[in-house]
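Here's the letter readout for the chains.
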Amino acid sequence: MSRTSASAPVEDVGTADISNKVDSPLTHGLKQRHLSMIALGGVIGAGLFVGSGAGIAAAGPSIIVAYAISGLLVMLVMRMLGEMSAANPASGSFSVHAERAIGPWAGFTAGWAFWFLLCVAVGLEGIGAAKIMVGWFPDSPEWAWVALFMLVFCCTNLAAVKNFGEFEFWFAALKVGAIVVFLGIGVLAIVGILPGSDNPAPGTGNLTGIGGFMPNGSEGLIVGLLASVFAYGGLETVTIAAAESERPVQGVAKAVRTAMWRIAIFYIGSMAVIVTLVPWNDKAVAEKGPYVATLDHLGIPAAGQIMNVVVLIALLSAMNANIYGASRMACSLVSRRQGPKALGAVHGGVPRTAVLVSSVFGFVCVLLSYWRPNDIFVWLLNTIGALILVVWFFIAVSQLVLRRRTEREAPETLVVKMWAYPVLTWVALAGMAAVFVLMAREEGTRVQLYWSGGLTGLLAVVGFVLQMVRTPAAVAVAVAVAEPVAVAAADAAPVVVTKAVPEAEAEGDADAEAVTEPAPVVVTDALTTAIAEAVTAAVTKAVADAVTKAVTEAVAKPAAEAATNAVAKAAADAVAEAVASSSSKED
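A few points on the structure. (Residues numbered from 1 in each chain as written. Predicted model: local features only at pLDDT ≥ 70, side-chain atom pairs only at ≥ 80, totals over all residues. Heavy atoms only, no water.)

Details of the packing of helix H19 (residues 423-441) against helix H20 (residues 443-470)
Cut-off, in case you're wondering: Every angle, taken between N-to-C directions, lies between 0 and 180 degrees, and every axis is a line fitted to C-alpha atoms, over only the stretch in contact when it is a helix. Helix and strand definitions here come from DSSP, where helices need a minimum of 4 consecutive H or I residues and strands a minimum of 2 consecutive E residues; each element is numbered from the N-terminal end. By definition in these notes, contact holds between two residues if any of their heavy atoms fall within 4.5 Å. Residues were grouped as follows: Ala, Val, Leu, Ile, Met, Phe, Trp, Tyr, Cys and Pro as nonpolar; Asp, Glu, Lys and Arg as charged; and all remaining residues, including Gly, as polar.
Taken N-terminus to C-terminus, the directions of H19 and H20 make an angle of 115°; their axes are 5 Å apart at the nearest point. Here Phe436, Leu438, Met439, Ala440 and Arg441 of H19 lie close against H20, whose contacting residues are Glu443, Thr445, Arg446, Gln448 and Leu449. Class assignment for the residues of the contact of H19 with H20 results in five nonpolar, two polar and three charged.

Set out below in structure tokens:
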């Protein structure tokens, strides 16, 4: 039966759950096989198949070390996220954990930053997939392929969640199968027993014979490290999907516990095979992609077309998963009163409005790549450059806080535990800080760091303003500064706001002249809700206007100042208007 639930909470952020039940209007249509394959496939993206070529060209054979270092960081992040998600499964994942640990502003910032990242990524993946299709069908328009892919996966996610699970199951199975076959061929070639190949075993010639293991020194290793860090994005989706699975706790625990060998085999193993078989300075590695270059080097027939099919599957899989993740994150945020109420409507256990909005936003990003390729689209790319690191930072800080709280309040829910807590949590935070510093050093990533930091700061300001106006203290101040009025009592017990009298003054001269106090003001739930809704609408409009101005004028600092002022003014005006409107209705 179809149902709409914009106000019901998607998850109880204050309740740890070990009973495989999630307080949610979403269905639990994902089976364990879906979740297992999503966890496997989430590690394998287009960044591995194509993007790793730039890292190899910069770092040479030392790319193995770069992927090992970044892989270790990701393992720690996934372990921390797994600990929190197993103790408290929620479709909002790390956004919910950040809210519980740090405050609503942190959940708002992490959640909407991730939503923005996924939506832009959907557009980028659509463009990449369309380019492959245009290569096969040269006379077809690229935008038409993007529109087709968007339509297919939007419809897939509008239907029951099991449809998403089935698509991802088969997509992931094909990706995993392709990687396993590639690694098998590579190992046979390395030992010199690949059937049908006349190539002798390469030995260590490609690893040490062309400028050494680190041909471009530490700078090349740093570039390779930065490229490898962002190739791991997408692992977080499994903790979002777990909330809609039959056994979320066991699903998360299994996915996290197998993350180490999956990263070691798929990423580090692939890099080791590639740089052992192919000279790192071969131009084909960067131009065609490392996997195609390796298969071509081994004389595998139609290697380019085979890998194009695999890359297409990886891109389509990522599109499907990112639309899913974005819609669930948006729905979770709305359920916690951190977004437009209409966006959280749930029909038949699916947040269809959020699916539509996320898909449309992704398609708009694609259109911007045609309409404004040199300014707005570039701004979008730079803005998402470091957002995954921001999300990881919130995960680490949240785990640091929640672990201690969970051990005290509900230790039985810690079915997954972070290794060597809190030492390795601090190690992970130090690693993230180091990556931020390295990004600031490199000219190619410095702009991304600045724009991602600017967006994160703006979201934090908005989240903090919303948090302040929704606390009882903030409501009391808002009412106290407004014209005192009497508000009719609500069904719930009201909160009476009066002017506090200092204790010393109360104990003073009893004969002193009495001071006339204003009539007490009763703050009802209706007034609190009116203020919150008014502030949400006003702040959302102010943020949209400020971001538009920042994009069109491309002036970071003045735009950030204007955004802050606009948000503050919008919030203040909205509070005053809500109080006045509520008062007039009661009169």
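Remarks on the pattern of salt bridges
Rules: Salt bridges are identified by distance alone: a Lys or Arg side-chain nitrogen within 4 Å of an Asp or Glu carboxyl oxygen. With a 1.4 Å probe rolled over the protein chains alone, any residue whose accessible area is under 20% of its type maximum counts as buried; one over 50% counts as exposed, and the rest are partly exposed.
Taken as a whole and judged by the stated rule, the model has nine salt bridges. Among the ionic pairs, Arg328 bridges to Glu244, the shortest N-O distance being 2.7 Å. Separated by 84 residues along the polypeptide, Arg328 in helix H15 (residues 303-335) and Glu244 in the loop between helix H10 (237-241) and helix H11 (248-257) bring together distant segments of the chain. Residue classification places Glu244 among the buried positions, given a relative accessible area of 0%. Linking Arg408 and Glu409 is a salt bridge whose minimum nitrogen-to-oxygen distance equals 3.9 Å. The residues Arg408 and Glu409 share a single accessibility class, namely exposed.

Here we look at unusual backbone geometry
Glycine aside, residues mostly have negative phi, and peptide bonds are mostly found in the trans state. With an omega dihedral of 0°, the bond running from Tyr421 to Pro422 counts as a cis peptide bond. Position of Pro422 among the secondary structure elements: in the loop between helix H18 (387-409) and H19. Even without being glycine, Arg337 reaches a positive phi, approximately 60°. Mapping Arg337 onto the fold places it in the loop between H15 and helix H16 (352-371).

Section: the packing of aromatic side chains
Where we set the bar: Ring pairs are drawn from Phe, Tyr and Trp, using the six-membered ring of Trp, whenever the two centres fall within 6.5 Å, and their geometry is named by plane angle: stacked under 30 degrees, edge-to-face over 60, tilted for the rest.
Taken as a whole, this structure holds 18 aromatic pairs when the rule is applied. Note on Phe167 and Phe171: the rings are 6.0 Å apart at their centroids and 50° apart in plane angle, and the pair reads as tilted. A residue pair is termed a helical-turn pair when its members lie 3 or 4 positions apart in one helix, as Phe167 and Phe171 do in helix H7 (residues 161-190) at four residues. Residue Phe167 is classed as partly exposed on the basis of its relative accessible area of 33%. Given the relative accessible area of 12%, Phe171 is considered buried.

Details of H19
Quick note on the threshold: Expected span, for any helix, means 1.5 Å times one less than how many residues it has.
Over its 19 residues, H19 runs 27 Å from end to end, which matches the ideal 27 Å to within 8%, given 1.5 Å per residue. Among all positions of H19, only Thr425, Ala428, Leu429, Met432, Val435, Leu438 and Met439 are buried. Buried residues along H19 sit in contact with helix H3 (63-87), helix H9 (217-229), H18 and H20.

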